[in-house]
Structure formats: C-alpha cells, structure tokens
Amino acid sequence: MEYLLALDRKVFLWINNQWSMPPLDVLFSYFITWLGNAGVVIALVVIFFLVKGRTYVRQHLPWFLAAMLLAGLCVFALKKMIPRPRPLADFAPLIEAGAVHIHVLGKALMYRSFPSGDTQTAFTAATYLSLLLPRWTPLFISLAIGVGLSRIYMGVHFPLDVIIGGLIGAVFTSGAWLVRKKVLKSPAPPAA
C-alpha cells in the first residue's frame, strides 16, 4: 500500500508541476473543472432532457438523479471514513522546506481528499449519457477524464482520489441503468 501511495504522490507532482502552463490554467480552472460541479451538471442534463422532450424527462431524469444521489452518498461516506489529507496538507512539510512546489488554482483545500466528488459527478453524467447516446461516448468520457485531470492539475486531489471517484460514478450509474431497464421491461401489474 505504501508503494501505491508513493506512486500516487509522484504522479500527482508530475501532472501538477510538469503540465503547469497559463493556457491550461484557464482551460482547467474556468471551464473543465466546472463540469464536475453537481449543480452545473444537473442543470445541463435537465436542460438537455427538456430539449429532447417530456418523454426523456420522464424516462431518464429520475434515474439520472438517483445515480447522482447514490454515487454522491458513497463518496460522502468514504470521505468520512477515510480522512486522507489533500495534497497541500500531505506535502506541507516538504513545501515549508522548499523541496516541493504545488501549483494551486482556486481554494487551498486541505482535508478530505479521498475520493474526488467532482470526478464522481462528471463520470456519473458521462456514463449515463454514454449509455443513452452511445455514439457520443468518446466525447462524454473525454470530458469526464478532463474533470479528473483538472482536479489534480489544480492541486486539490491525488490521482487515486480521481480514479476511485470516477469508478464510483461509473459503477453506480451502470447499476441504476440496469435497474431502470429491468423496471421498464417488467410487465404491468394486473388490474385490480
């Protein structure tokens, strides 16, 4: 486990330091990372469903929201159970000694790093929309991966936080999709 955490820290520093450049600062902090904000994502998906019509809203919105809620609760529970510090807190002694620099964009977050809720949100939406519109899967998944990378780039999450957050979003959404298919295919109950 210690090897995995050491590798996690090295990959974090590589992405956070080596990729650092003004165009990516703008792209990640002003655009991409917002696709992991639950309010923004839900609003965009609701607008999309409304544009597609009432049938989309009726058939998909409750299942999408259920996936978001369940995956979000899982992330919340894990954050409470696993008090992993954020990169700024984890590297604090090395930062103070001048041995490490962390490129931080936005708030300097310190606590409850594992897993990444923003990445979970992005992958929940990307997975649901990919199952709904398979030919757009590369776009949806690319945007979700971008959100995960933005969280590392901005200095607020380690790669493992992002990977597990993404997996939680994908797994809970796939589960909700399978349940949805079974419920919608089940025969109607006999009339009383």
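Below is a short write-up of the structure. Every chain is numbered on its own, with residues counted from 1 as its sequence reads. Given that the model is predicted, a residue must reach a pLDDT of at least 70 before its local features are reported, and side-chain atom pairs must reach 80 or more before they are shown or counted; all residues, however, enter totals for whole chains, interfaces and linings. Neither water nor hydrogens contribute to the side-chain values; these are computed over all heavy atoms in the structure.

Quick notes on the overall build of the protein
Elements are defined by DSSP. Helices are runs of H or I of four residues or more, strands are runs of E of two residues or more, and each kind is numbered from the N terminus. Summing up its helical and strand segments, the protein has nine helices and zero strands in all. Note on definitions: a residue-residue contact is assigned when non-hydrogen atoms from the two residues lie within 4.5 Å. Counting only contacts in the protein whose residues sit at least 6 apart along the sequence, the fraction spanning at least 24 positions is 82%. Carbon and sulfur atoms make up 73% of the accessible area of the protein, which totals about 10800 Å². The charged-residue count follows a simple rule in which Lys and Arg add positive charge and Asp and Glu add negative charge, with His and chain termini not counted at all. A charged residue contributes its charge at one atom only: NZ of Lys, CZ of Arg, CG of Asp or CD of Glu. Taking the average place of the 17 positive charges on the side chains of the protein and the average place of its 7 negative ones, the gap between the two points comes to 20 Å. Only the protein chains shown count as covering a residue, and every accessible area follows the Shrake-Rupley method with a 1.4 Å probe.

A few points about the packing of aromatic side chains
Centres within 6.5 Å are what make two rings of Phe, Tyr or Trp a pair, Trp counting through its six-membered ring; a difference in plane orientation under 30 degrees is then read as stacked, over 60 as edge-to-face, and the rest as tilted. For the coordinates displayed, the defined rule picks out twelve aromatic pairs. The interplanar angle of 80° and the centroid separation of 5.5 Å between the aromatic rings of W14 and W19 together place this pair among those described as edge-to-face. Partly exposed describes any residue whose relative accessible area lies between the buried limit of under 20% and the exposed limit of over 50%, with all areas from a 1.4 Å probe on protein chains only and scaled to the type maximum. Using a relative accessible area of 48% as the deciding quantity, one classes W14 as partly exposed. Summarising the aromatic geometry, the rings of F48 and Y56 are spaced 6.3 Å apart at their centres and angled 90° between planes, so their arrangement reads as edge-to-face. According to the relative accessible area criterion, F48 is partly exposed, its value standing at 28%. Clustering of aromatic rings is evident, with ring pairs tying together F48, F49, Y56, F64, Y128 and W177. The criterion is that NZ of a Lys, or CZ of an Arg, lies within 6 Å of the ring centre and within 35 degrees of the ring normal, and then a charge sits over that ring. Seen from the ring of W177, R180 lies directly overhead, with NZ or CZ sitting 4.9 Å from the centre.

Focus: the side chain of S130
With respect to the helices and strands, S130 occurs in helix α7 (residues 117-132). S130 gets classed as buried once you look at its relative accessible area, which sits at 10%. With residues up to four places along the chain from it excluded, the contact list for S130 reads T137, F140 and I141.

Regarding the environment of C74
Within the secondary structure, C74 sits in helix α4 (residues 54-81). Relative accessible area serves as the criterion here: at 22%, C74 is assigned to the partly exposed category. C-alpha separation for the pair C74 and G165, spaced 91 residues apart in sequence, amounts to 9.5 Å.

Considerations on the packing of α7 against helix α8 (residues 137-153)
Fitted lines through C-alpha atoms give the axes, limited to the stretch in contact for helices. The angle between two N-to-C directions lies from 0 to 180 degrees. One can describe the packing of α7 onto α8 by two numbers: an axis separation of 9 Å at closest approach and a directional angle of 180°. Considering the angle they form, α7 stands roughly antiparallel to α8. Contacts from D118, T119, A122, F123, A126, L129 and S130 in α7 reach T137, F140, I141, A144, I145, V147, G148 and R151 in α8. Asp, Glu, Lys and Arg are counted as charged, while Ala, Val, Leu, Ile, Met, Phe, Trp, Tyr, Cys and Pro are counted as nonpolar; the rest, among them Gly, fall into the polar class. The residue inventory of the contact of α7 with α8, partitioned by class, reads nine nonpolar, four polar and two charged. Working definition: roughly parallel below 35 degrees, roughly antiparallel above 145 degrees, roughly perpendicular at 65 to 115 degrees, and oblique for all remaining angles.

Regarding the nonpolar core
Buried residues of nine kinds, namely Ala, Val, Leu, Ile, Met, Phe, Trp, Tyr and Cys, make up a nonpolar core once their side-chain atoms join them within 4.5 Å. V41, V45, F49, F64 and Y153 are the most contacted members of the largest nonpolar core, which totals 24 residues. Contact partners of F49, with chain neighbours within four places excluded, come to Y56, V57, H60, L61, F64, Y128, L129 and L132. One finds L88, F91, V100 and I152 within the second-largest nonpolar core, a separate group that totals nine residues.

Focus: α8
One fewer than the residue count of a helix, multiplied by 1.5 Å, yields its expected span. With 17 residues, α8 extends 24 Å from end C-alpha to end C-alpha; this agrees with the ideal 24 Å at 1.5 Å per step. Listing the buried residues of α8 in full gives F140, A144, G146, V147, G148, S150, R151, I152 and Y153. Of the surrounding elements, those touching the buried residues of α8 are α1 (2-18), α2 (22-30), α7 and α9 (159-185). In the segment just after α8, G155 is the residue with positive phi, at about 85°.

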